[in-house]
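Structural overview for review
So you can see what is in the structure, the chains are spelled out below.
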Amino acid sequence: MGGMTDVGERRMPWLVQPFQAGMTAFIVVIGAVLAELIGGTVTNQMATAVAVPVLAVPAAVAAGFAVAQWWQVRRWQARSRGAEPASWWHLAGIAAALVTWGIWPTKPGSLAGAASAPGACDAMGVIAAPDCLQRAAQALDGHDVTWWCTLALILALAPLVRRSRIAAWAAIPVAFAGCELATHFMQLLLLYYNVS
């Protein structure tokens, strides 16, 4: 009976095994990126209550796998010193996410240069509309908070990379989700005023 327990205790967890963890990472990250790209296209003109879960869930699943792998590897290393740390080259996933975050155009159409509510209303040609300043301020606030929180999430995944290869690559769907959601706030403003 004790021998079976020892064998069970020494069995390497799924996300610690190199091949299984690599295949899981590939499936989770590619699936999340595809879900983000398709979800961003589908929810482009939908309400925020629909867009947020559609865009957030795939990124959250990828981040969840990253944390699960980090936890399993950390626990396994503490028990048996059997898992090697991930190579630093996996930081390329974090770099790719940062590049995506930096170059993704999050202000569509005529709002590309708008940095303030009056600038956004002026760019759309509806500066005289009574509620434009309020709507534009809300859209810009939603955009800015989402965009900067995305950067924070990408950077939060970076310290996990040595124990979680998934964390490095999960940053990419997180970047897509944040940028698409930031774009969504601005797109809704354009739709409300029928500006293309």
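Residues numbered from 1 in each chain as written. Predicted model: local features only at pLDDT ≥ 70, side-chain atom pairs only at ≥ 80, totals over all residues. Heavy atoms only, no water.

Of regular secondary structure, the chain possesses seven helices and zero strands. Written out in order from the N terminus, the α and β elements of the chain read α-α-α-α-α-α-α. Among the 196 residues that make up the chain, the fraction classed as buried is 42%. Per element, the accessible surface of the chain, about 10400 Å² overall, is 68% carbon and sulfur. Computed over 11 positive and 9 negative side-chain charges, the inter-centroid distance for the chain is 18 Å. (Helix = DSSP H or I, 4+ residues; strand = E, 2+ residues; numbered from the N terminus. Buried < 20%, exposed > 50% of the residue type's maximum accessible area, 1.4 Å probe, protein only. Areas by Shrake-Rupley, 256 points an atom, 1.4 Å probe, with all protein chains shown as cover. Lys, Arg positive; Asp, Glu negative; His and termini not counted. Charge placed at Lys NZ, Arg CZ, Asp CG, Glu CD.)

Take the packing of helix 4 (residues 91–103) against helix 6 (residues 132–157) next. Contact geometry of helix 4 with helix 6 gives a least axis separation of 10 Å together with a crossing angle of 170°. Taken together, helix 4 and helix 6 sit at an angle that is classed as roughly antiparallel. Residues I94, A97, L98 and W101 of helix 4 form the contact with helix 6, whose own contacting residues are W147, W148, T150, L151, I154, L155 and L157. Residue composition of the contact of helix 4 with helix 6, grouped by class: ten nonpolar, one polar and no charged. (Axes fitted to C-alpha atoms, helices over the stretch in contact; angles between N-to-C directions. Parallel < 35°, antiparallel > 145°, perpendicular 65-115°, else oblique. Contact = heavy atoms within 4.5 Å. Nonpolar A, V, L, I, M, F, W, Y, C, P; charged D, E, K, R; others polar.)

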